Amino acid sequence: VSGEAPGAEVDPGRKVGLGKKVTLLRGISIIMGTIIGAGIFVSPKGILKNTGSVGMSLVVWIACGILSLFGALSYAELGTCITKSGGHYTYILEAFGPHLAFIRIWSDLIAIRPAGMAVIALAFGQYILEPLFMPCPIPPLAVKLAAAIGLTAVMYLNSISVTWSARLQIFLTIAKLIAISTIILPGMYLLFKGETKNFENAFDLSTINLADLPLAFYSGMYAYAGWFYLNFVTEEVDRPERNVPLAICISMAIVSLCYVLINVAYYTVMSAEELLAAPAVAVEFASKVMGNFSMVVPLFVAMSCFGSMNGCIFAISRMFFVASREGHLPEVLSMVHVRRNTPVPAVLTMYPMTMLQLFVGDIYSLLNFMSFLRWLFIGLAVLGLIYLRYTRPDLHRPFKVPLIIPIVFCLTSFFMVFLSLYSDPVNTGIGFAISLTGIPAYYIFIVFDRRPKWLQKCLVAKY
């Protein structure tokens, strides 16, 4: 894909590809900038609603942080011993072969990634419009239109420049930390002054429903989701054997601390009932603590969501790029812009499905629907780490974790997935059915030789 302007010249001897432009700082900004997005500002209500008490909700936040750290450490090992980009898809391909890997990329393309981007974009639309409509409710259509504009802007930026999208990610990560600080610092100040009434009877378990706990974990794990995105761009990381595990560990330590403190700050200022009733939790907090200055907080939160979208698209496009290179997606998706060195087709491939999800989905239904498929396949990828320990013991592993860590992560992930079939059978059933459509799709698009000529032209690459 050249996209050259008339008269522009390209050196025929220059190699066209994705360079190693991701340093340690940029790696940290990708992970932190993607983790700290909509989740911490949207998910607190989902966790509190499904746990029934302040104390249990904090326990879930801490447990999700520990579980995410286990998964992140497992991915640090995978990223240093399998140095190809692609993340989950690549690890499943290496461990279990092309069939499961195709089902993974198929589910990503038609369900997981569009739903995830739609959730973040809707949160961006909610918070960017909040100052304009306070104290009135925002029309749902206006939120969706703002979300569509933000999504389009991120797609365009990632299509024209890798460097500028990385620079923007660093800037937005700083903005996220400022936004979190504006919530944590006033909350901690009030807590130390003795504002502890909302923590009385914090562990009242009379309203807890065990069947709802997996959904609480889904909300919490969604807020921490993003620790795996650096593994999607491993080939572009400078000194990956050092920078991948270092960036993951630094990012997870900072994010886990921030998340626990921000939730303590929420509960210091707001009761459980007020938090559940608030349409935008961070904005409600700011209006109680900061007065007129609270108008600034939604803008910081919107910038945070924008950064999360930017990091997601930067990473996910590389997964589609690698899948195309492996023959599981049309060859056009592995093409790189001659002058800008950006994978333009891979960047734009999610746009139609995300727009569809954006205008027809409910944010919490999308969250639960997406989480089922996401954690099913992440659990499989980490299971692949355990499998490779025995089938390829001589594989060079610059970073190696104790085997108990991936085992605990796998067991917990699969327990959440299977229990969710009982807690939310409709959304998880839809998610499971969508993943199963990858089986006939694999044989139709990849294996079957007698395809119509028009289909063969669309699918130039053949596994």
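Residues numbered from 1 in each chain as written. Predicted model: local features only at pLDDT ≥ 70, side-chain atom pairs only at ≥ 80, totals over all residues. Heavy atoms only, no water.

Counting its regular elements, the protein contains 19 helices and 0 strands. For the protein, with 463 residues in total, the buried portion stands at 59%. Summed over its atoms, the accessible surface of the protein is roughly 18,500 Å², and 68% of this surface lies on carbon and sulfur atoms. (Helix = DSSP H or I, 4+ residues; strand = E, 2+ residues; numbered from the N terminus. Buried < 20%, exposed > 50% of the residue type's maximum accessible area, 1.4 Å probe, protein only. Areas by Shrake-Rupley, 256 points an atom, 1.4 Å probe, with all protein chains shown as cover.)

Further remarks concern the packing of aromatic side chains. Under the counting rule described, the total for this entry stands at 16 aromatic pairs. Ring geometry for Tyr266 against Phe285: centres 5.9 Å apart, planes inclined by 75°, an arrangement best described as edge-to-face. Residue Tyr266 is located in helix α9 (residues 240–269), and its partner Phe285 is located in helix α11 (residues 281–289); the two are separated by 19 residues in the primary sequence. Each member of the pair, Tyr266 together with Phe285, is buried. In textbook terms, an aromatic cluster arises when at least three aromatic residues are bridged by ring pairs, as seen for Tyr75, Tyr91, Trp227, Phe228, Tyr229, Phe232 and Phe409. Directly above the ring of Trp164 sits Arg167, whose terminal nitrogen or CZ lies 4.9 Å from the centroid. In this structure, Arg318 packs its charged tip against the face of Phe314, placed 4.2 Å from the ring centre. (Phe/Tyr/Trp six-rings, centres within 6.5 Å; stacked < 30°, edge-to-face > 60°. Lys NZ or Arg CZ within 6 Å of the ring centre and 35° of its normal.)

A few words now on the layout of surface pockets. As a volume, the second largest pocket reaches approximately 310 Å³. If you trace the second largest pocket, you find 16 residues lining it, with Gly52, Ser53, Val54, Ala272 and Glu273 closest to the centre. Among the elements of the structure, α2 (39–51) and α10 (272–277) are those that each provide at least two residues to the lining of the second largest pocket. The biggest single contributor to the lining of the second largest pocket is α10, with 3 residues. Its residues assigned to classes, the lining of the second largest pocket shows 5 nonpolar, 6 polar and 5 charged. (1 Å grid on protein atoms, 1.4 Å probe; cavity = no way out; pocket = protein on both sides within 12 Å on 5 of 7 lines; lining within 4 Å. Points joined across faces, edges and corners; volume = space filled by probe spheres on them. Nonpolar A, V, L, I, M, F, W, Y, C, P; charged D, E, K, R; others polar.)

Core analysis: the biggest nonpolar cluster contains 141 residues, and Tyr75, Trp227, Leu230, Tyr259, Met309 and Phe320 have the highest contact counts within it. For this core, the element with the most residues is helix α5 (residues 98–133), which contributes 18 residues. Those residues within four positions of Tyr75 in sequence are excluded, and the remaining contacts are His88, Tyr91, Trp227, Phe228, Asn231, Ile378, Ala381 and Val382. (Core = buried A, V, L, I, M, F, W, Y, C linked by side-chain atoms within 4.5 Å. Contact = heavy atoms within 4.5 Å.)

Mapped onto the elements of the fold, Thr354 is located in helix α14 (residues 351–360). A relative accessible area of 0% means that Thr354 is categorised as buried. Side-chain polar atoms of Thr354 contact the backbone oxygen of Met350, separated by 2.8 Å. Each residue touching Thr354, except ones within four places of it in the same chain, is listed here: Pro114, Met117, Ala118 and Leu151. (Polar contact = N/O pair within 3.5 Å; in protein donor to acceptor, adjacent residues only side chain to side chain.)

In the contact formed by α5 and helix α12 (residues 296–325), the axes pass within 8 Å of each other and the chain directions differ by 165°. As far as their axial angle goes, α12 and α5 are roughly antiparallel. For the element pair α5 and α12, the recorded crossing hand is left-handed. Class assignment of the residues belonging to the contact of α5 with α12 gives a composition of 23 nonpolar, 1 polar and 3 charged. (Axes fitted to C-alpha atoms, helices over the stretch in contact; angles between N-to-C directions. Parallel < 35°, antiparallel > 145°, perpendicular 65-115°, else oblique. Left-handed = near helix turned anticlockwise from the far one by under 90°.)

In the predicted model, the protein carries a mean pLDDT of 81, and 87% of its residues have values of at least 70. In the predicted structure, residues 1–8 sits below a pLDDT of 50 and forms 14 contacts with residues beyond four places in sequence or in another chain. (pLDDT = per-residue confidence, 0-100.)

Now for helix α18 (residues 438–447). Taken together, the buried positions of α18 are Gly438, Ala441, Tyr442 and Ile446. Along the axis of α18, the buried positions cluster into a sector of 105°, meaning they face one direction only. At its buried positions, α18 is contacted by α5 and α17 (425–436). (Arc of directions from axis to C-beta.)

Let us look at the packing of helix α7 (residues 162–192) against α12. The geometry of α7 relative to α12 is characterised by a closest axis approach of 8 Å and an angle of 140° between their N-to-C directions. Compared by their axis directions, α7 and α12 come out oblique. The two elements α7 and α12 cross, and the hand of that crossing is left-handed. Across from Val162, Ser165, Leu168, Gln169, Phe171, Leu172, Ala175, Lys176, Ile178, Ala179 and Thr182 in α7, the residues of α12 making contact are Val297, Phe300, Met303, Ser304, Cys305, Phe306, Gly307, Ser308, Asn310, Gly311, Phe314 and Arg318. A per-class count over the contact of α7 with α12 returns 13 nonpolar, 8 polar and 2 charged.

Within the chain, Arg239 stands out as a residue other than glycine whose phi angle is a positive 50°. Turning to its location among the elements, Arg239 is positioned in the loop between α8 (213–224) and α9.

Following the sequence through the fold, Ile184 ends up in helix α7. For Ile184, a relative accessible area of 10% gives the class buried. In this structure, the C-alpha to C-alpha distance between Ile184 and Ala265, residues 81 residues apart in sequence, is 5.6 Å. For Ile184, the residues in contact, after removing those within four places along its chain, are Cys258, Leu261, Ile262 and Ala265.

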